[in-house]
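Given next are the chains, with one letter for each unit.
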Amino acid sequence: MADTIIDLYWSEAYGASGIELETTRKSSFVAASLAADPVPGVRLVAPSPATPDEFGAVHDGAYVDAVRHGTPAWLARSNGIGWTDELFSAVAASTGGVRDAALTAMRTGIAGSLSSGLHHARAGEGNGFCTFNGLVVAARAALRAGAGRVLVVDLDAHCGGGTASMLDRVPGMEQVDVSLSSFDEYASRPGARLWLPTRDSYLETVTEALDSVEDPTGVGLVLYNAGMDVHWSAGTPGGLDDDQVRRREELLFDWARSHGIAVAFVLAGGYLSPCTWDELVSLHRITIEVATCSR
Ligand SMILES: [Zn+2]
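Bear in mind the structure is a predicted one, so any value in this text is a computation, not a measurement.

Conventions we followed
- Residues numbered from 1 in each chain as written.
- Predicted model: local features only at pLDDT ≥ 70, side-chain atom pairs only at ≥ 80, totals over all residues.
- Helix = DSSP H or I, 4+ residues; strand = E, 2+ residues; numbered from the N terminus.
- Rg over C-alpha atoms; globule rule 2.2 N^0.38 Å.
- Buried ≥ 20, exposed ≤ 12 C-beta atoms within 10 Å, placed from the backbone.
- Contact = placed C-beta atoms within 7 Å.
- Pairing = 2+ DSSP bridges.
- Axes fitted to C-alpha atoms, helices over the stretch in contact; angles between N-to-C directions.
- Core = buried A, V, L, I, M, F, W, Y, C linked by C-beta atoms within 7 Å.

1. Remarks on the overall build of the protein chain
Link 1 in the chain: Each helix and strand in the protein chain was counted, giving 10 helices and eight strands.
Link 2 in the chain: In terms of C-alpha radius of gyration, the protein chain reaches 17 Å, essentially the compact-globule figure of 19 Å for 295 residues.
Link 3 in the chain: Going through the 295 residues of the protein chain one by one, you find that 56% of them count as buried.
Link 4 in the chain: Taking all contacts inside the protein chain whose residues are at least 6 apart in sequence as the whole, residues at least 24 apart take part in 73%.

2. Overview of unusual backbone geometry
Link 1 in the chain: The step from Thr71 to Pro72 runs through a cis peptide bond, and the omega angle for that step is -10°.
Link 2 in the chain: Of note, Pro72 is situated in the loop between α3 (61–69) and α4 (73–76).
Link 3 in the chain: That bond from Ser273 to Pro274 is cis: its omega, 5°, falls within 30 degrees of zero.
Link 4 in the chain: Even without glycine at this site, Phe129 takes up a positive phi of about 70°.
Link 5 in the chain: You can see Phe129 is positioned in the loop between β3 (110–113) and α6 (134–144).
Link 6 in the chain: Given 21 C-beta atoms within 10 Å, Phe129 falls into the buried group.
Link 7 in the chain: In the Ramachandran plot, Asp215 falls in the positive-phi region, its phi being about 45° despite a non-glycine side chain.

3. Considerations on the sheet that holds strand β4 (residues 150–154)
Link 1 in the chain: Overall, parallel pairing links the eight strands, which are arranged β2-β1-β3-β8-β7-β4-β5-β6 in an open sheet. The outermost strands of the open sheet, each flanked by one partner alone, are β2 (42–45) and β6 (192–195). On average, each strand axis in the sheet is inclined to that of its neighbour by 20°, with strand direction left out of account.
Link 2 in the chain: Relative to β2, strand β1 (residues 6–9) runs parallel, the two being bridged by four bridges. Across the sheet, Asp7 pairs through a bridge with Arg43, a residue of β2.
Link 3 in the chain: Where helix α5 (residues 87–108) meets the sheet, its contacts fall on β1, β3, β7 (221–225) and β8 (262–266), and the angle it forms with β3 comes to roughly 170°.

4. What to know about the nonpolar core
Link 1 in the chain: Ala102, Leu221, Leu223, Val263 and Ala264 are the most contacted members of the largest nonpolar core, which has 93 residues in total.
Link 2 in the chain: A total of 11 residues in this core trace back to one element, the largest contributor, which is α5.
Link 3 in the chain: Those residues within four positions of Ala102 in sequence are excluded, and the remaining contacts are Ala138, Ala141, Ala142, Leu221, Leu223 and Ala264.

Right under this line is the structure:
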């Protein structure tokens, strides 16, 4: 509907960790693109930062303290991208955006956050460029707000092994995961189902994964980890092209709409070389554009 407003959470703090990587920097490029060339019906909104208590409810206290204060250094740096004085506040902002997108989507049907670096983080440590698992933090908030069940749909190129390892921290959270890389692979099981298709079977596998969800009308919220590293230029040589990426987004949003399920989406993976910043931003804009067409 033309008058639908989609709240897309972001603040400068997302990228203010002082760590210069695509994961930490890309939200600023996407936000700048949206300011210069808006997607109709989308507005950027600053979130409330996640609190230490929110992190501590799903992560180990010792790990939360390590990221806040930098010691022990090995634990504070377990995300694989390093630690700075500003890391905690940056990740708190970015995680707060996922939580606010989840709660907003439960009211409006759809929302997003320009957050990345979530799904590899474990309860007790970071992993694979991910510091805290904002998907799990947001799932807990949504369940406390009455979502009933929260389904993480992880279509990043890499497996969401961190999220899968934290299911027991948040009863009511489940995951379906279609990945092109076996990085962070885990044993597929009820509640956390993983597929590893080829490029040619990718889209039909996404459909199969969504169709495998039991009683989808009982799902109160989808948290969509919309990684663009499935694209041939943004992380997966030989991976999907632009049309296939757009089709993937249509499959996800159409499936959620057909079952009346709210969706909160995040950016997740997507990397430079060979693609440029402009090309990477264009890929992430596909998710936002398709989201606006889905309501
Ligand atoms: Zn990835």
